[in-house]
Amino acid sequence: MIVNIDKEINSFLLSLADHTNKEEINKIIEKYSISITETLKNGHITTNVCMVAASNLKLNPIELASKLVKKLNLLNLFETVETAGPGFINITLRREDFVSIINSINDNEEKYGESNIGNGKKIQIEFVSANPTGPLHVGHGRGAAYGDAIGRILKATGYDVQKEYYINDAGRQIDILTASVILKSISKEIGDYFPENAYKGEYINEISKKFEEKAKVTYQNLDSVLNVQKSFLDSKVDDEKEIDAVILSLKNLNIDFWDSVKKISVNEIVYSIENDLKKFNVSFNNWFRESSLGNINENSSIISSSINKLKKDGHAYEKDNAIWLNTESSGDDKHRVLVRDDGRPTYFASDVAYHKDKIDRGFDTLINVWGADHHGYIKRIEASIEALGSKKEKMIVKLVQFANLYKNGKKVKMSTRSGDFFTLGNLIDEIGSDASRFYYLSKQADQHLDFDLDLAQSDNKENIFYYIQYAHARICSLLDKYNKNAGTKNLNLSSIEKNSYNQCDELIHEISKYPDVITKASNTLQPHLIIFYLRDLSQLFHSYYNDNHVLSESNDNIEAIISCLSSVGIVISNGLNLLGITPIKKM
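Structure report, in brief. (Residues numbered from 1 in each chain as written. Predicted model: local features only at pLDDT ≥ 70, side-chain atom pairs only at ≥ 80, totals over all residues. Heavy atoms only, no water.)

On to the environment of Leu 77. Positionally, Leu 77 belongs in the loop between α4 (61–74) and β3 (78–84). Residue classification places Leu 77 among the partly exposed positions, given a relative accessible area of 36%. For Leu 77 and Gly 371, which are 294 residues apart along the polypeptide, the C-alpha to C-alpha distance reads 51 Å. Residues in contact with Leu 77, not counting those within four places in the same chain, are Arg 94 and Asp 97. (Helix = DSSP H or I, 4+ residues; strand = E, 2+ residues; numbered from the N terminus. Buried < 20%, exposed > 50% of the residue type's maximum accessible area, 1.4 Å probe, protein only. Contact = heavy atoms within 4.5 Å.)

Okay, here's the thing in C-alpha cells:
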C-alpha cells in the first residue's frame, strides 16, 4: 500500500514542476518520507511530503496538504485522508487493507521483513580481530555480537555480505606470547623466572604442555636468559624492556625452535577463539592472517608493494632513515611512520597493506568494527586509502564501546595479560549464547554498556530478554493448544475485517512497522533498534494476553485472533533470528 501512495505523491509533486524547479522537485522526492504512524490515533500511514515540498518551493504547507488530500481522496482507496498539524498527512486504510498484513506475514513467514534495498552491493565486515594472545574475554563479545548482527541484517536487506576476522599473527604481542609459552616450558631450568609483562593464565600452561607432547624442549645454554633475569632483578627499569630482552635472548638461542613454538601457540589460540565464536553463533567467511601480507624485504609482497606505490605516487617519503606517510589530506594531526629507522614495518604499515588488499578484492564498502579506543586511528587509514587511489568513503568505521560485566554487584576483570579474567566462553557457559548476544546488542554500540549478569538470568519483566522470549513462548503455547483441533493456515479473519472484534488492532498496527524497522536498522547499522521494537511489540502482546481469554472467544473470533497472534509470533521470531538469537517455544 505504501508503494501505491508513494507513486501518487510523486505524481502530485511532478504536477508542481516547471522549468525553474525540476531540480528542487527531485530533491523533495529523495527527502520526504512515508511511514507507519506511531499510534492508531493518527491513522495508519503518515507523510511529511507537504512540509518538505513547502520548505524547498517556498509554498504554504497547509495549502499543499489540502491539495494532496483532495487528490488522494479522489482515488477512493482509503477510509480517510486528513491533514494534521503544520502539514502532515495522515491516512487511515480501509479495514480489509489494514488487516491484510496478517495474511502477508503468515504467507511469507521467515521472509517477512526482508527486502532488496542493497541490490547485491558487496560489503565486507571485519570485526572482533582480537590479537591471538589469549582467549576472548567478555569485552570482545560486544563487537562479535554487533558485527555478526549487522551482517545478518544487511544480508536480509539484499546485500552480498562477507564477514572477516583479521588475525594479528605477527608483531610484538605474538613475540610476547611465544616467549611466555617457552618460559613455562623451561621454568625448572630457569628457576621459574617469569617477567611481569609476560602473558599469564592457565591457557599458557596448557599450550606449553601441548607443545611438550609434540616436541622435546631443549636449549643448549640458558645463560643469556638467566642474565636477563639478573640484569632486571634489582633494577626498576621498564618491564617492557625486560620482556623485549627475554624475547631477543630466546630468538638468538634457537630461531627454528622459536618459530615452531610461535606457530603452535598462535594456532592453539585461534582454534580456541574460533570455537568460542561458534558457541556464540558467530561465523566468518574468511580468516585473514597478517603474516600473509608478506615480508617488507620482498618486493612482491602485499606490504612491500603497498609502500612502494605510496612512495612512487609521492604520498610517502623517507626522513631520518624511516618511511613516513603524509596523512594531512584526511585531517590527521601529524604524518605517520610506515617503516621504522631500523627497517621494521609498523602496525600501521600492515593495516595500510591490509586495506589495500581488501579494496583490491572488489568490495563496494568496507565496514570496520573497532573498539572505541581506535577512534584516533580512523583518519590515518582514510588517508592511506585515498593515497592508494580509492575513496575514503568506501570505508565505514563503527566504534564499539567495551562492555563492563557485573556479577554479584562487582565488576569483572578483563585483562588478558594478567591471566585473571572472565572469558567469553565463561559467559556463554553461565547464561547462554542467546542472552549474552541480546544484552550486548541492547544498547547503541558506541555507548557504554553495563552488563548485569544477575539481571540477564532473572525471570521477570525487568529482564527484557526474558520478557520477549516469554511473549514468543506464550504465542507458541496458544497455537499448540489451538492446533489440537485445527491448523493455523487459511483461518477466517472476518471478525477482524468487519471490525466486530478490534482488540487486536494495536498488535496488527505494530507488526506492520516491522519491515521499516529492519530497513532502518540496515541503513543505520543499528541492531538495537530491533530489540527496542521487539520490546514494544512484546509489551503490547502481554497486555493483550492478560486482558483477553483467547480460547474462550467465539469460533469466528478465535480463528481471527489465532491468525493474528501467529503473525505476531513470526515477527518476534524473525527479529530474534536477525540478531542471531534462537526464539524459545517453551519457557
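Let's pick the thread back up.
One pass over the full model with this rule turns up 26 salt bridges. A salt bridge links Arg 336 to Asp 333; the nearest nitrogen and oxygen atoms lie 2.8 Å apart. One connected set of salt bridges, linked through shared partners, spans Asp 148, Arg 152, Lys 163 and Arg 437. (Salt bridge = Lys/Arg side-chain N within 4 Å of Asp/Glu carboxyl O.)

The next thing to look at is the sheet that holds strand β14 (residues 410–411). Taken together, the 3 strands give an open sheet; going across it, the order is β14-β13-β15, and neighbouring strands pair in mixed fashion. With one partner strand each, in any of the chains shown, β14 and β15 (449–452) form the two edges of the open sheet. Pairing of strand β13 (residues 403–407) with β14, which is carried by 2 bridges, proceeds in the antiparallel orientation. Following the sheet pairing, Tyr 406 is matched in β14 by Lys 411. (Pairing = 2+ DSSP bridges.)

Evaluated as defined, the whole model comprises 19 aromatic pairs. Here the aromatic rings of Phe 284 and Trp 287 are separated by 5.3 Å at their centres, their planes lie at 65°, and the arrangement is edge-to-face. For Trp 287, a relative accessible area of 23% translates into the label partly exposed. Ring geometry for Tyr 439 and Phe 451: centres 5.7 Å apart, planes at 40°, overall tilted. (Phe/Tyr/Trp six-rings, centres within 6.5 Å; stacked < 30°, edge-to-face > 60°.)

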